[in-house]
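Residues per chain, in single letters:
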Amino acid sequence: MRGQAAHALLTPAMRDVIRRMGRAGHPAFHTLTATQARAAYEAGAGVLEIPTPALARVENFSIPARDGHALPARLYAPSTDKLPVLLYFHGGGFTIGSIATHDILCRQLSHLAGCAVVAVDYRLAPEHKFPTAAHDAEDALQWLATHANRLGLDSERLAVGGDSAGGTLAAMCAVLARDAGLPLALQLLFYPGCSAHQDTPSHRRFARGFVLEEREINWFFSRYVRGPADRDDWRFAPLNTSDVDGVAPAWVGLAECDPLVDEGVMYADKLRMAGVAVDLEIYRGVTHEFIKMGRILPEARQAHADAASALRRAFLKEIDA
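**Q** Can you help me understand the overall build of the protein in this one?
**A** A tally of helices and strands in the protein yields 11 helices and eight strands. By the compact-globule yardstick of 20 Å for 321 residues, the protein fits well, its C-alpha radius of gyration being 18 Å. Split into buried and exposed, the 321 residues of the protein put 58% on the buried side. Approximately 12,700 Å² of the protein is accessible, and the part contributed by carbon and sulfur atoms is 52%. Distance from the positive charge centre (33 side chains) to the negative charge centre (37 side chains) of the protein: 5 Å.

**Q** How should I be thinking about the environment of R215 in this particular structure?
**A** Along the chain, R215 falls in helix α8 (residues 214–224). Overall, R215 belongs to the partly exposed group, its relative accessible area being 34%. When residues no more than four places from it in sequence are discounted, the contact partners of R215 are H30 and R208. A distance of 2.8 Å separates the side chain of R215 from the side chain of E213, its partner in a polar contact.

**Q** How should the environment of Y283 be read in this particular structure?
**A** By the secondary structure assignment, Y283 is in strand β8 (residues 278–287). Considering only alpha carbons, one finds Y283 and D154, 129 residues apart in sequence, at a separation of 32 Å. Beyond its immediate sequence surroundings of up to four residues, Y283 is in contact with W251, G253, L254, A255, E256, F290, E299, Q302, A303 and D306. In this structure the side chain of Y283 is engaged in a polar contact, spanning 2.6 Å, whose partner is the side chain of D306.

**Q** Would you mind going over the nonpolar core with me for this structure?
**A** In globular proteins that are soluble, nonpolar side chains generally tend to be buried together. Counting residues in each nonpolar core, the largest one holds 114 residues, and the members touching the most others are F190 and F290. In terms of residues, this core owes the most to one element, helix α6 (residues 165–180), which gives 10 residues. Residues contacting F190, with those up to four places away along its chain left out, are Y88, L109, G162, D163, S164, W251, G253, I291, A303 and A307.

**Q** In this structure, what is going on with the sheet that holds strand β6 (residues 187–190)? I would like to understand it.
**A** To summarise the sheet geometry, strands pair through backbone hydrogen bonds and adopt either a parallel or an antiparallel arrangement. Strand order across the open sheet formed by eight strands is β1-β2-β4-β3-β5-β6-β7-β8, with mixed pairing between neighbours. Across the chains shown, the open sheet's two edge strands, defined by having one partner strand only, are β1 (57–64) and β8. Recorded for the sheet is a direction-independent mean angle of 20° between the axes of neighbouring strands. Across the sheet, helix α4 (residues 103–113) lies against β1, β2 (70–77), β3 (83–89), β4 (116–120), β5 (153–163) and β6, angled at about 40° from β2, the strand it touches most.

Criteria and cut-off values
- Residues numbered from 1 in each chain as written.
- Predicted model: local features only at pLDDT ≥ 70, side-chain atom pairs only at ≥ 80, totals over all residues.
- Heavy atoms only, no water.
- Helix = DSSP H or I, 4+ residues; strand = E, 2+ residues; numbered from the N terminus.
- Rg over C-alpha atoms; globule rule 2.2 N^0.38 Å.
- Buried < 20%, exposed > 50% of the residue type's maximum accessible area, 1.4 Å probe, protein only.
- Areas by Shrake-Rupley, 256 points an atom, 1.4 Å probe, with all protein chains shown as cover.
- Lys, Arg positive; Asp, Glu negative; His and termini not counted.
- Charge placed at Lys NZ, Arg CZ, Asp CG, Glu CD.
- Contact = heavy atoms within 4.5 Å.
- Polar contact = N/O pair within 3.5 Å; in protein donor to acceptor, adjacent residues only side chain to side chain.
- Core = buried A, V, L, I, M, F, W, Y, C linked by side-chain atoms within 4.5 Å.
- Pairing = 2+ DSSP bridges.
- Axes fitted to C-alpha atoms, helices over the stretch in contact; angles between N-to-C directions.

Here it is as structure tokens:
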């Protein structure tokens, strides 16, 4: 299925978003420098978002990385109670994106799930190539597990999550947490990148005209990886993880018209085959990045609600346990 046939899968609202994006005429990321692409992404990040949810706590702080770098972080919480916490990693191909670009999404998850969310600005490529983002994510998880109580949060009820590249980091953290004996309530994965190479049927089917294009993916990863060996490292490609037995339960939310949908399904299947509880949702007729288009797309609002429900259930199970 290519071209018009693939576009026929899109919802009318999603098709309209893509038409508007085309009419706006903004330069594609692959034609920009990384600095320019970051600025462009941030400028457009809130255009299709829901109104900003108000929360009782929104606090900026920093988390120390292994090399002494201070990772910017932001805490969101709907109350001052001792709440469970989701550690969230933003998307952006390891090259763009920030706490600011995902501020509304993190607020919404906190609001709907009744939990705290800690968002982290891991370091980006090309200034910081693989495995810096992976190390930063691991360091943030280890720090939060140890220091959540200092923030007034419940260190016994901890989850990890992220979208796209951030979903890759969250999946990686779930494996590392298992290895470290750190129990996680859930891994919350919005269309995570999971494969070493972009060679699945969905990468071919949705290569052009579906928000995230093949040329952008290549641009992102060419800046992130140091060479071919990095692509085969399981921290870049969770499908290469040799053993996922005993990792945290997963909620996986995918977009039907997304180059990454096949590898997301494959990773969900890999987890299930290892006996991991998986809740897989595929949102029909929408593309990559749809969860940040809640003002226009009902599927985005549904995904927010579904993810929040999964968090609530997971954190309640931790209490019962």
